[in-house]
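The chain contents come next:
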Amino acid sequence: MTQQRRSVQWTAIVATMLVSATVSGCADDLAQRATECFSDVSGYASPAPGVLTLQGHFYSTESILVRDAATHTQVAGGTPASDRTSFSFTGVPSGSHSYEVIASCNSGQNTLLTQIFVVQ
């Protein structure tokens, strides 16, 4: 085999490895972005018995779920009719409970917050 042919083969192997690494890196970035919803939670209030109002950013293209953190049983959920900065749920059990707030979108689900909520 000639020196020139070996050089061409080596160059082809290195180029293939670089392209593979770049493409897989892009795929990882795209997969990460594809599983991210845009809603977020910055706080909460309980203005009345059984009412939980979340503050943050909530979008009409994403559902918000409130689940018991220990059992993952859904306590409340819904999709806002329009984009908003607060979103309220009724019928939430009164008392101190550990809940997780989840955004569900076309790309998947994201846990936005897990904490103890005190509901009137």
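Each chain carries its own residue numbering, running from 1 in the written order of its sequence. Reporting in this predicted model follows two pLDDT cut-offs: at least 70 for local features of residues, and 80 or more for side-chain atom pairs to be given and counted; totals over whole chains, interfaces and linings ignore these cut-offs and use all residues. To get the side-chain values, all heavy atoms of the structure are used, and hydrogens and water are removed first.

**So, the packing of aromatic side chains**
For step 1, the next point in the chain: What counts as a ring pair is set by centres within 6.5 Å for rings of Phe, Tyr and Trp (its six-membered ring), and what kind of pair is set by the plane angle: stacked under 30 degrees, edge-to-face over 60, tilted for all other angles. Applying the stated criterion to the full structure yields 4 aromatic pairs.
For step 2, the next point in the chain: Judged by centre distance (6.1 Å) and plane angle (40°), the ring pair of Phe58 and Phe87 falls under tilted. Here Phe58 is found in strand β2 (residues 52-58), whereas its partner Phe87 is found in strand β5 (residues 84-89), with 29 residues between them in sequence. Here Phe58 and Phe87 have matching classes, each one buried.
For step 3, the next point in the chain: On the numbers, 4.9 Å between centres and 70° between planes, the contact of Phe87 with Phe89 is edge-to-face. Helix and strand definitions here come from DSSP, where helices need a minimum of 4 consecutive H or I residues and strands a minimum of 2 consecutive E residues; each element is numbered from the N-terminal end. Note on classification: 1.4 Å probe, protein chains only; a residue is buried when its accessible area is under 20% of the maximum for its type, exposed when over 50%, partly exposed between these limits.

**Topic: the pairing of strand β7 (residues 108-119)**
For step 1, the next point in the chain: Being paired, for any two strands, means DSSP has found at least two bridges between them. The pairing of strand β6 (residues 95-105) with β7 spans 11 bridges and is antiparallel. For Ala103, the partnering residue across the bridge sits in β7 and is Asn110.
For step 2, the next point in the chain: Between the antiparallel neighbours β6 and β7 lie 2 residues.

**Overview of the environment of Thr114**
For step 1, the next point in the chain: Mapping Thr114 onto the fold places it in strand β7.
For step 2, the next point in the chain: The exposure class of Thr114 is partly exposed, given its relative accessible area of 45%.
For step 3, the next point in the chain: On a C-alpha basis, the gap between Thr114 and Tyr99 in space is 5.7 Å, while along the polypeptide they are 15 residues apart.
For step 4, the next point in the chain: Residue contacts are defined here by distance: any two heavy atoms, one from each residue, within 4.5 Å place the two residues in contact. In contact with Thr114, not counting residues within four places along its chain, are Ala69, Tyr99 and Glu100.

**Some details on the nonpolar core**
For step 1, the next point in the chain: Within the largest apolar cluster, 17 residues are counted, with the highest numbers of intra-cluster contacts made by Leu52, Leu54, Ile64, Phe89 and Val92.
For step 2, the next point in the chain: Elements represented by at least two residues in this core include exactly β2, β3 (63-68), β5, β6 and β7.
For step 3, the next point in the chain: Looking at this core, the element that brings in the most residues is β6, giving 4 residues.
For step 4, the next point in the chain: Leaving out residues up to four positions away in the same chain, Leu52 has contacts with Tyr44, Ala45, Val66, Phe87, Ser88, Phe89, Val92, Phe117 and Val119. Among buried residues, those of type Ala, Val, Leu, Ile, Met, Phe, Trp, Tyr and Cys that are joined through side-chain atoms within 4.5 Å constitute a nonpolar core.

**Looking at the side chain of Glu100**
For step 1, the next point in the chain: Considering the arrangement of structural elements, one finds Glu100 in strand β6.
For step 2, the next point in the chain: His is not counted here, nor are the chain ends, while Lys and Arg score as positive and Asp and Glu score as negative. Salt bridges are defined by distance alone: a side-chain nitrogen of Lys or Arg within 4 Å of a carboxyl oxygen of Asp or Glu. For the buried Glu100, which has no salt bridge, the nearest side chain bearing the opposite charge is Arg67, at an N-O separation of 4.8 Å.
For step 3, the next point in the chain: In protein, a polar contact requires one atom able to donate a hydrogen and another able to accept it; more generally it is a pair of N or O atoms within 3.5 Å, and residues adjacent in sequence count only if both atoms are side-chain atoms. Side chain to side chain, Glu100 and His72 meet in a polar contact 2.7 Å long.
For step 4, the next point in the chain: Non-local contacts of Glu100, meaning those with residues more than four positions away in its chain, are made with Leu65, Val66, Arg67, Asp68, Ala69, His72, Thr111, Leu113 and Thr114.

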